[in-house]
Amino acid sequence: MKLGKYSMGLGDRFSHQGEAQLRAIMKANKSGLDISPVWNKSNREHTYVHSYPADVRKEADAAVAALGFTGKYFVDADHINFGNVAPFVESSDFFTLDVASFIGKESKAEDIKFFVSSCDKYLGNLVIPGIEHPLLVTKDFLEKIAGKFLAATQQAADIYNFLKTEKGEGNFVTEVSMDEVETPQTPIELLFILKMLANKGVPAQTIAPKFTGRFNKGVDYTGNIDQFAKEFEEDVLVIDFAVKEFGLPEELKLSIHSGSDKFSIYPIMAQVIKKYDKGLHVKTAGTTWLEEVIGLAVAGGEALDLAKQIYANSFNRKDELCAPYADVIDIDESKLPSVEEVNAWTSEKFANTLRHIPGHPDYNPNFRQLIHVAYKVASEMGATYNNLLEKYADVIGSCVEENIYERHLKRLFNL
Ligand SMILES: [Zn+2]
């Protein structure tokens, strides 16, 4: 099972927007692209909204059938580990093996020795075509890198082998992720991580490193854009080299766990993949939940009242809601509007404050990040929330579609 060259990860917390998301992909594909939708949901999201992996499969299949989509599509067990993968086995055909917590864990001396000796031919000045300066590879450096990443790649191999037994070889797509950590992996680290995966027989089709900069939830990239551009380009070149040298799947590509809405770096990624004619996987998730709240606000009346209620509950419980996401949000509390203030807002004012239009005078990234992490609040509303999603499906669906197409796909694929 091969993932296509271009693919987009779509998250849908409450499982109502599959068709709207697919409409956006199909609209982009009308321009001659072949983007595969990948519906992703992590164990954490399932826990918060009390859904099950089978629900994502049901939603994806139903959307594809309803719209007559004939391309490839996938269901991603996002950020799974050995302990929680089992319930995803049946319904998923894409698995994101999150091995970040094994970075820096100890490996056996003989395993390190084996890895270092497998890299003998790369000792000295290693030239990666396209990268300006040769990389100086020493034994000492290889031992250090093995000490840092070998256990994580072993963990990836263990989960992969479990899945291979359960699902059969070639029946699923494997992604390896190390993005949920503080320190970014350098292109040269990525190169040898790929060597370790190849040594262990993990046929990764996508790899998600941690990049330079902050990937806060639902808002734009913060960081040094030039450095990101250099790192991203070098990663692409490193992957190309790794595929040829290490025998990894030829479709291997970068997976960007965007945290949604990294608009300022989308054009950079677009330019680099075009320059080298490479593929790309971009994961989004919470951006669709935010469009549901925007859609409710736009619908007005009782729906706007519910959107305001969501904000009030989020505001009153911000410490509790933000805590699990502390590393991936930056909220300036002094810039959050009061509940009273928001309660007086019109549909337009609420939607414009939440909607991610960079430079719009009403757009407030603090407000947006708070609601991003507050989907638990909507989940607790249960039927009240879900019924209004159904009642106002048309307006909410067009918000979701417009967001994925206009703000994401257009920037990512130069449409
Ligand atoms: Zn991630």
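Being a predicted model, the structure only gives us computed values, none of them experimental.

1. Describing the overall build of the chain
Link 1 in the chain: Scanning the chain from N- to C-terminus turns up 17 helices and 10 strands.
Link 2 in the chain: Relative to a compact globule of 415 residues, whose C-alpha radius of gyration would be 22 Å, the chain shows 22 Å and is just as compact.
Link 3 in the chain: Expressed as lengths along the three principal axes of its C-alpha atoms, the size of the chain is roughly 70 × 45 × 40 Å.
Link 4 in the chain: Put simply, 78% of the contacts in the chain that link residues at least 6 apart link residues at least 24 apart.

2. Examining the domain arrangement of the chain
Link 1 in the chain: Partitioning the chain into structural domains gives domain 1 (6-286) and domain 2 (287-408).
Link 2 in the chain: Between the C-alpha centres of domain 1 and domain 2 there is a distance of 29 Å.
Link 3 in the chain: Each partner contributes residues to the interface: domain 1 has 30 residues there, and domain 2 has 28 residues.
Link 4 in the chain: Of the residues forming the side of domain 1 that touches domain 2, the biggest block, seven residues, is contributed by helix α1 (residues 18-29).
Link 5 in the chain: Split by residue class, the side of domain 1 that touches domain 2 holds 11 nonpolar, 11 polar and eight charged.

3. Some thoughts on the sheet that holds strand β9 (residues 253-257)
Link 1 in the chain: Strand order in the closed barrel made by the eight strands is β1-β2-β3-β4-β7-β8-β9-β10, with parallel pairing throughout. Direction aside, neighbouring strands of the sheet carry axes that sit 25° apart on average.
Link 2 in the chain: With five bridges joining them, strand β4 (residues 94-98) and strand β7 (residues 173-177) adopt parallel strand pairing. Its bridge partner being in β7, Leu-97 is matched across the sheet by Val-176.
Link 3 in the chain: Its contacts with the sheet put α1 on β1 (6-10) and β2 (35-42), and the angle it makes with β2 is roughly 150°.
Link 4 in the chain: Contacting β4 and β7, helix α5 (residues 139-167) runs over the sheet at an angle of about 155° to β4.

4. With respect to helix α16 (residues 383-391)
Link 1 in the chain: Those residues of α16 that fall on the buried side of the exposure criterion are Tyr-385, Leu-388 and Leu-389. Buried residues of α16 fall within an arc of 105° about the axis and therefore sit on the same side. More than 90 degrees from the buried face of α16, the exposed residues found are Ala-383, Asn-387 and Glu-390.
Link 2 in the chain: In the core, the buried residues of α16 are packed alongside α9 (286-299), α10 (301-316), α15 (375-381) and α17 (393-412).

5. Topic: the pairing of β9
Link 1 in the chain: Burial runs high along β9: five of the five residues are buried.
Link 2 in the chain: Pairing between strand β8 (residues 206-208) and β9: two bridges, direction parallel. Bridging from a neighbouring strand, Thr-206 pairs with Lys-253 of β9.
Link 3 in the chain: Once you follow β8 into helix α7 (residues 225-246) and on to β9, the crossover reads as right-handed.
Link 4 in the chain: As judged from the three bridges shared by β9 and strand β10 (residues 280-283), these two strands associate in the parallel manner. Counted as the bridge partner of His-257 is Lys-283 from β10.
Link 5 in the chain: In terms of handedness, the path from β9 via helix α8 (residues 266-276) over to β10 forms a crossover that is right-handed.

6. Description of the nonpolar core
Link 1 in the chain: Counting residues in each nonpolar core, the largest one holds 112 residues, and the members touching the most others are Ala-156, Leu-194, Leu-197, Val-293, Leu-296, Ala-307 and Ile-371.
Link 2 in the chain: If one sorts the elements of this core by residue count, α5 sits on top with 11 residues.
Link 3 in the chain: Of the residues that make up this core, three or more belong to each of domain 1 (6-286) and domain 2 (287-408).
Link 4 in the chain: Setting aside residues no more than four positions away along its own chain, Ile-371 makes contact with Leu-290, Val-293, Ile-310, Tyr-311, Ser-314 and Leu-354.

7. Some thoughts on unusual backbone geometry
Link 1 in the chain: The phi angle at Ser-15 is positive, at roughly 60°, despite the residue not being glycine.
Link 2 in the chain: For Ser-15, the position within the fold is in the loop between β1 and α1.
Link 3 in the chain: C-beta crowding within 10 Å serves as the criterion here: with 18 such atoms nearby, Ser-15 is assigned to the partly exposed category.
Link 4 in the chain: Positive phi outside glycine occurs at His-79, with the angle close to 50°.
Link 5 in the chain: Inspection of the secondary structure puts His-79 in strand β3 (residues 74-80).

8. What about helix α14 (residues 365-372)?
Along an α-helix, residues three or four positions apart point the same way, because every turn accommodates 3.6 residues.
Link 1 in the chain: Of all eight residues that make up α14, seven are buried, and the element is covered over most of its length.
Link 2 in the chain: Restricting attention to buried positions, one finds in α14 the residues Pro-365, Phe-367, Arg-368, Gln-369, Leu-370, Ile-371 and His-372.
Link 3 in the chain: Residues of α14 that are buried sit in contact with α9, α10, α11 (318-322) and α13 (347-354).

9. A short note on the pairing of β7
Link 1 in the chain: Burial analysis of β7 places five of its five residues in the buried class, the great majority of the element.
Link 2 in the chain: Burial along β7 is two-sided: the residues Val-173, Glu-175 and Ser-177 and Thr-174 and Val-176 are all buried.
Link 3 in the chain: Of the strand pairs in this sheet, β7 and β8 are connected by three bridges, and their pairing is parallel. The partner of Glu-175 across the bridge, within β8, is Thr-206.
Link 4 in the chain: This β-α-β element, β7 to helix α6 (residues 187-199) to β8, shows right-handed connectivity.

10. Overview of the environment of Ser-338
Link 1 in the chain: As for its placement among the helices and strands, Ser-338 is situated in the loop between α11 and α12 (339-343).
Link 2 in the chain: By the C-beta count within 10 Å, which is 10 here, Ser-338 ends up exposed.
Link 3 in the chain: Considering only alpha carbons, one finds Ser-338 and Ile-273, 65 residues apart in sequence, at a separation of 44 Å.

The rules behind these values
Residues numbered from 1 in each chain as written. Predicted model: local features only at pLDDT ≥ 70, side-chain atom pairs only at ≥ 80, totals over all residues. Helix = DSSP H or I, 4+ residues; strand = E, 2+ residues; numbered from the N terminus. Rg over C-alpha atoms; globule rule 2.2 N^0.38 Å. Contact = placed C-beta atoms within 7 Å. Domains from an automatic or database assignment. Nonpolar A, V, L, I, M, F, W, Y, C, P; charged D, E, K, R; others polar. Pairing = 2+ DSSP bridges. Axes fitted to C-alpha atoms, helices over the stretch in contact; angles between N-to-C directions. Buried ≥ 20, exposed ≤ 12 C-beta atoms within 10 Å, placed from the backbone. Arc of directions from axis to C-beta. Right-handed = clockwise from strand over helix to strand, strands pointing away. Core = buried A, V, L, I, M, F, W, Y, C linked by C-beta atoms within 7 Å.

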